[in-house]
Amino acid sequence: MRQTPFLAGIRLPDATLSVYDNHIVRTLSSMREQYQDRRACDALLRDNDPVLYQVYELRRPELPGEMYFGLSVVHPGKVGDEYYMTKGHFHTVRDTAEVYHCLQGEGVMVMETSEGEWAVEELRPGRVLYVPPLWAHRSVNTSAVEDLVTLFIYPANAGHDYGTIERQGMRKLVVERQAKPVIIDNPRWHLEKVD
Ligand code: S6P
Ligand code: ZN
């Protein structure tokens, strides 16, 4: 593990990071429960198992004071009328924030708290989004043709809590209506009681 200052280069439009030590490839079969249109999902899975997104990151010691950073690349595509998106998560250490810098493409970040607040922000090249502590976040690619590429930076001790969102999805869904992205309520979502 590098313990002296180091540089990493980002190349676009192919969205590569010159150094990384973790490459995550997430395919539709691992997110089957997340899409509303099960029939469309199963039809896609009968042909193949499309790659929805990839993450390239530099691992660091998971300690306060360290930072993780890397590239998130969400490919264009839809499952039924719902766009390709990331799983979405809270940070296990709830009071850790995250910064996303959009480098390429078009999309949105869907966010919510466990109290039921929600927010959706548009991502465009050059925009920097601050996701405060306590907010779950999911990126959604709303382009028909281009990868949504973001640089993310967050505390290395944050961890990922996927559980709540795996159970019922996020409060808002992003779907295509008349060739445009529209935010709708997720019918499966309800406010979970916190003990
Ligand atoms: C980590 C950060 C990103 C996501 C990536 C994939 O805190 O938010 O690196 O991990 O965008 O999303 P997900 O929800 O599959 O981890
Ligand atoms: Zn995160």
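Residues numbered from 1 in each chain as written. Chains lettered and ligands numbered in written order. Predicted model: local features only at pLDDT ≥ 70, side-chain atom pairs only at ≥ 80, totals over all residues. Heavy atoms only, no water.

1. Concerning the coordination of the zinc ion (ligand 2)
Protein ligation of the zinc ion (ligand 2) involves His89 (NE2), His91 (NE2), Glu98 (OE) and His137 (NE2), the donor distances falling in the range 2.1 to 2.3 Å. Between consecutive donors of the zinc ion (ligand 2), the numbers of intervening residues give the motif H-x1-H-x6-E-x38-H. Using a relative accessible area of 3% as the deciding quantity, one classes Glu98 as buried. (Donors = N, O, S within 2.8 Å, 3.2 Å for Na, K, Ca; no water. Buried < 20%, exposed > 50% of the residue type's maximum accessible area, 1.4 Å probe, protein only.)

2. A few points about the pairing of strand S10 (residues 118–123)
Across six bridges, strand S9 (residues 107–112) lies against S10 in antiparallel orientation. The partner of Gly107 across the bridge, within S10, is Leu123. Connecting S9 to the next strand, S10, in antiparallel fashion are five residues, including Gly116 with a positive phi near 100°. (Pairing = 2+ DSSP bridges. Helix = DSSP H or I, 4+ residues; strand = E, 2+ residues; numbered from the N terminus.)

3. Section: the pairing of S9
Most of S9 is tucked away, with six of its six residues classed as buried. By the bridge criterion, six bridges tie S9 to strand S12 (residues 136–141) in an arrangement that is antiparallel. Its bridge partner being in S12, Glu112 is matched across the sheet by Ala136.

4. Structural notes on the site of ligand 1
The local shell around ligand 1 holds 16 residues, among which Tyr53, Gly88, Glu98, Tyr100 and Tyr162 are the closest. Here an oxygen atom of ligand 1 sits 2.5 Å away from a polar atom, N or O, in the side chain of Tyr53. In this structure, Tyr162 approaches ligand 1 through a side-chain N or O atom, which is 2.5 Å from an oxygen atom. A total of 390 Å² of accessible area belongs to ligand 1 in isolation, and the protein chains cover 97% of it. For the shell around ligand 1, the elements supplying multiple residues, two or more each, are strand S4 (51–58), strand S8 (98–104) and strand S13 (148–155). A breakdown of the residues in the shell around ligand 1 according to their chemical character gives six nonpolar, seven polar and three charged. (Near = heavy atom within 4 Å. Polar contact = N/O pair within 3.5 Å; in protein donor to acceptor, adjacent residues only side chain to side chain. Areas by Shrake-Rupley, 256 points an atom, 1.4 Å probe, with all protein chains shown as cover. Nonpolar A, V, L, I, M, F, W, Y, C, P; charged D, E, K, R; others polar.)

5. Some remarks on the environment of Leu123
Relative to the assigned elements, Leu123 resides in strand S10. Note on Leu123: relative accessible area 1%, which makes it buried. Distance in space between the C-alpha atoms of Leu123 and Ile165 is 21 Å, their sequence separation being 42 residues. With residues near it in sequence (within four places) discarded, Leu123 still touches Cys102, Gly105, Glu106, Gly107, Val108, Met109, Leu129, Leu148 and Thr150. (Contact = heavy atoms within 4.5 Å.)

6. Describing the side chain of Lys172
Its place among the elements puts Lys172 in strand S14 (residues 172–177). A polar contact is formed between the side chain of Lys172 and the side chain of Asp185, at a distance of 2.3 Å. Those residues in contact with Lys172 that lie beyond four places of it in its chain are Val110, Trp118, Ile183, Ile184, Asp185 and Asn186.

7. Concerning the nonpolar core
Grouped together as the largest cluster of nonpolar side chains are 35 residues, with contacts concentrated most on Tyr35, Leu52, Val110, Leu129 and Val140. Within the residue set of this core, elements represented by two or more residues are S4, strand S5 (67–74), S8, S9, S10, strand S11 (128–131), S12 and S13. The biggest single contributor to this core is S9, with four residues. In this structure, Val140 is in contact with Tyr83, Tyr84, Met85, Glu106, Gly107, Val108, Val110, Leu148 and Val174, ignoring residues within four places of it in sequence. Of all hydrophobic cores here, the second largest spans eight residues; its members include Ala15, Leu17, Leu58 and Val73. (Core = buried A, V, L, I, M, F, W, Y, C linked by side-chain atoms within 4.5 Å.)

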